[in-house]
Amino acid sequence: MTTKEAILKSLEELNKLTTYMEFYNHIVKNKYYDFGKSKTPALTISASLTSFIQKGDNRVRRIKNSNGYSYYLSKNESNINFENNINNFTVEKITKKNK
């Protein structure tokens, strides 16, 4: 399983707003990906999440808050409770840039 596959599986299972560290902990706990001797495995997850957004992958969305970003699976958007933090979040949907 690749890091991106592990992230998508985790998004499906967690079904909530999730930080990159929560993803990392979930992936390690469930042994979805072996980071081997990686010096910065949590940052690898962060970079993979950013890649989903930058490449315009509509499956993953992110929300910016005062503490950084939280991510969720777009198909689960109706299950996410945004109301508690609506004033602190900005939903980002970035589409692929035309060259």
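Residues numbered from 1 in each chain as written. Predicted model: local features only at pLDDT ≥ 70, side-chain atom pairs only at ≥ 80, totals over all residues. Heavy atoms only, no water.

**Examining the pattern of salt bridges**
Part 1 of the argument: Within this structure, the stated rule accounts for four salt bridges.
Part 2 of the argument: For Lys75, the salt bridge goes to Glu12, with nearest N and O atoms at 3.0 Å. Of the two residues, Lys75 sits in the loop between strand 2 (68-73) and strand 3 (90-92) while Glu12 sits in helix 1 (residues 3-14), which places them 63 residues apart along the sequence.
Part 3 of the argument: Classification of Glu12 as partly exposed rests on a relative accessible area of 39%.
Part 4 of the argument: With a shortest N-O distance of 3.8 Å, Glu22 and Lys16 are connected by a salt bridge.
Part 5 of the argument: Given the relative accessible area of 31%, Glu22 is considered partly exposed. (Salt bridge = Lys/Arg side-chain N within 4 Å of Asp/Glu carboxyl O. Helix = DSSP H or I, 4+ residues; strand = E, 2+ residues; numbered from the N terminus. Buried < 20%, exposed > 50% of the residue type's maximum accessible area, 1.4 Å probe, protein only.)

**Digging into the confidence of the model for the protein chain**
Part 1 of the argument: Taken as a whole, the protein chain shows an average pLDDT of 83; of its residues, 82% reach a score of 70 or greater.
Part 2 of the argument: Within the model, the stretch residues 85-91 combines pLDDT values under 50 with 13 contacts to residues more than four positions away or in other chains. (pLDDT = per-residue confidence, 0-100. Contact = heavy atoms within 4.5 Å.)

**Examining the packing of helix 1 against helix 2 (residues 20-29)**
Part 1 of the argument: Closest axis-to-axis distance for the helix 1/helix 2 pair is 10 Å, and the angle between their directions is 100°. When the axis of helix 1 is compared with that of helix 2, the two are roughly perpendicular. Each of Ala6, Ile7, Ser10, Leu11, Glu13 and Leu14 in helix 1 lies in contact with helix 2, whose residues at this interface are Phe23, His26 and Ile27.
Part 2 of the argument: Classifying every residue of the contact of helix 1 with helix 2 by side-chain character gives six nonpolar, two polar and one charged. (Axes fitted to C-alpha atoms, helices over the stretch in contact; angles between N-to-C directions. Parallel < 35°, antiparallel > 145°, perpendicular 65-115°, else oblique. Nonpolar A, V, L, I, M, F, W, Y, C, P; charged D, E, K, R; others polar.)

**Describing helix 3 (residues 41-54)**
Part 1 of the argument: The end-to-end C-alpha separation of helix 3 is 20 Å, in line with the 20 Å expected for 14 residues at 1.5 Å each.
Part 2 of the argument: Along helix 3, the positions that sit buried rather than exposed are Pro41, Ala42, Ile45, Ser46, Ser48, Leu49, Ser51, Phe52 and Ile53.
Part 3 of the argument: A positive phi of about 75° marks Gly56, the residue just after helix 3. (Expected span 1.5 Å × (residues − 1).)

**As for the packing of helix 2 against helix 3**
Part 1 of the argument: At a minimum axis separation of 9 Å, helix 2 and helix 3 run at an interaxial angle of 115°. Of the two elements, helix 2 crosses helix 3, and the hand of that crossing is right-handed. Note on element contacts: helix 3 touches helix 2 through Pro41, Ala42, Leu43, Ile45, Ser46 and Leu49, opposite Tyr20, Met21, Phe23, Tyr24 and Ile27.
Part 2 of the argument: Considered class by class, the residues forming the contact of helix 2 with helix 3 number 10 nonpolar, one polar and no charged. (Left-handed = near helix turned anticlockwise from the far one by under 90°.)

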